[in-house]
Amino acid sequence: MNIRIGQGFDVHAFGEGDHVVLGGVRIAHDRGVVAHSDGDVVIHALCDAMLGALALGDIGQHFPPGDPQWRGADSRAFLRRCNEMLAERGWKVGNADMTVICERPRVGPHAAAMRERITADLELAPDAVSIKATTSEKLGFTGRGEGIAAQAVVLLVAR
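All values derive from a computational prediction rather than experimental measurement.

## Topic: the overall build of the protein
Consideration 1: The number of helices and strands found in the protein is 5 helices and 7 strands.
Consideration 2: For the protein, the sequential pattern of α-helices and β-strands runs β-β-β-β-α-α-α-β-α-β-α-β.
Consideration 3: On C-alpha atoms alone, the protein measures out to a radius of gyration of 15 Å, which is about the 15 Å that the 2.2 N^0.38 rule sets for 159 residues.
Consideration 4: With the principal axes as the frame, the protein shows a C-alpha extent of 45 × 35 × 25 Å.
Consideration 5: Taken over 159 residues, the protein has a buried fraction of 48%.
Consideration 6: Residue pairs at least 24 apart in sequence account for 70% of intrachain contacts in the protein once pairs closer than 6 positions are excluded.
Consideration 7: Of the accessible surface of the protein, which amounts to about 7,900 Å², a share of 51% is contributed by carbon and sulfur atoms.
Consideration 8: Computed over 17 positive and 20 negative side-chain charges, the separation of the two mean positions in the protein equals 2 Å.

If you want it as structure tokens, here you go:
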């Protein structure tokens, strides 16, 4: 089979801070996220989808949160490494689709910048990456403004 599909999900609680990082973009916000790295739920979900498509485990296995070298790390480095792991095995991302789930911050004004960073890191055409956002209609932890979540799905194709 010359294709593989993977899905990923990530969540972080809001905490102290003045910004969040989503899709590699720093976005001003009245809260930060509680995380070992930069807490980029978009890229973390995407990495998990990529790794999952090849049964390579999850992001925590490759970049353990208890390892001090990843403290405050830029998640784009994780994404580039995951892309290298795919290439080493003869695969590449065909397309990726991500959804951010939160009440705030507003994602729409930053979606194009997120796509630019992700397409650059994965060496993809702009129309191969989609960033969307939704709320949870004020239900659950995201609806109460306690945290932020993202889900991702990828299609891998053989090189």
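## Considerations on the layout of surface pockets
Which parts of space are left empty comes out when a probe the size of a water molecule is rolled across the atoms.
Consideration 1: One number sums up the size of the largest pocket: a volume of about 250 Å³.
Consideration 2: As for the largest pocket, its lining consists of 15 residues, of which His12, His44, Ile59, Phe63 and Pro65 are closest to the centre.
Consideration 3: Residue assignment for the lining of the largest pocket shows that the elements contributing at least two residues are β1 (3-15), α1 (41-53) and α2 (59-62).

## Quick look at the packing of α1 against helix α3 (residues 75-88)
What describes two packed helices is the angle between their axes and the distance between those same axes.
Consideration 1: Two elements in contact, α1 and α3, have axes separated by 9 Å at closest approach and are oriented at 15°. The angle between the axes of α1 and α3 places the two elements in the roughly parallel class. Pair α1 / α3 crosses with left-handed handedness. Residue-level inspection shows Ile43, His44, Leu46, Cys47, Met50 and Leu51 of α1 in contact with α3, the latter providing Ser75, Arg76, Phe78, Leu79, Cys82, Asn83, Met85 and Leu86.
Consideration 2: Counted by class, the contact of α1 with α3 contains 10 nonpolar, 3 polar and 1 charged residues.

## Digging into the UniProt feature "binding site: a divalent metal cation" (unreviewed entry) in the protein
Consideration 1: On the UniProt side, "binding site: a divalent metal cation" (unreviewed entry) is annotated at positions that read Asp10, His12 and His44 here. These annotated residues cover 35 residues of sequence, and their C-alpha atoms all fall within 10.3 Å of one another, placing them together at a single site. Annotated residues from the preceding list that form part of the lining of the largest pocket: these are Asp10, His12 and His44.
Consideration 2: Considering the arrangement of structural elements, one finds His12 in strand β1.
Consideration 3: According to the relative accessible area criterion, His12 is buried, its value standing at 14%.
Consideration 4: The residues contacting His12, other than those within four sequence positions of it, are Val33, Val34, Ala35, Gly39, Val41, His44, Gly147 and Ile148.
Consideration 5: Only 3.5 Å separates the side chain of His12 from the side chain of His44, close enough to count as a polar contact.
Consideration 6: Positionally, His44 belongs in helix α1.

## A look at unusual backbone geometry
Consideration 1: Following Arg104, the chain continues into Pro105 via a peptide bond in cis, with omega recorded as 5°.
Consideration 2: In this structure, Ala55 takes a positive phi of about 55° despite not being glycine.
Consideration 3: Relative to the helices and strands, Ala55 is located in the loop between α1 and α2.
Consideration 4: On the accessibility criterion, Ala55 (69% relative accessible area) is exposed.
Consideration 5: Of note, the phi angle at Glu123 is positive, near 55°, even though the residue is not glycine.
Consideration 6: Tracing the backbone through its elements, the reader meets Glu123 in the loop between α4 (111-122) and β6 (129-134).

Rules and cut-offs
- Residues numbered from 1 in each chain as written.
- Predicted model: local features only at pLDDT ≥ 70, side-chain atom pairs only at ≥ 80, totals over all residues.
- Heavy atoms only, no water.
- Helix = DSSP H or I, 4+ residues; strand = E, 2+ residues; numbered from the N terminus.
- Rg over C-alpha atoms; globule rule 2.2 N^0.38 Å.
- Buried < 20%, exposed > 50% of the residue type's maximum accessible area, 1.4 Å probe, protein only.
- Contact = heavy atoms within 4.5 Å.
- Areas by Shrake-Rupley, 256 points an atom, 1.4 Å probe, with all protein chains shown as cover.
- Lys, Arg positive; Asp, Glu negative; His and termini not counted.
- Charge placed at Lys NZ, Arg CZ, Asp CG, Glu CD.
- 1 Å grid on protein atoms, 1.4 Å probe; cavity = no way out; pocket = protein on both sides within 12 Å on 5 of 7 lines; lining within 4 Å.
- Points joined across faces, edges and corners; volume = space filled by probe spheres on them.
- Axes fitted to C-alpha atoms, helices over the stretch in contact; angles between N-to-C directions.
- Parallel < 35°, antiparallel > 145°, perpendicular 65-115°, else oblique.
- Left-handed = near helix turned anticlockwise from the far one by under 90°.
- Nonpolar A, V, L, I, M, F, W, Y, C, P; charged D, E, K, R; others polar.
- UniProt positions renumbered as here; feature names shortened; annotations may be inferred.
- Polar contact = N/O pair within 3.5 Å; in protein donor to acceptor, adjacent residues only side chain to side chain.

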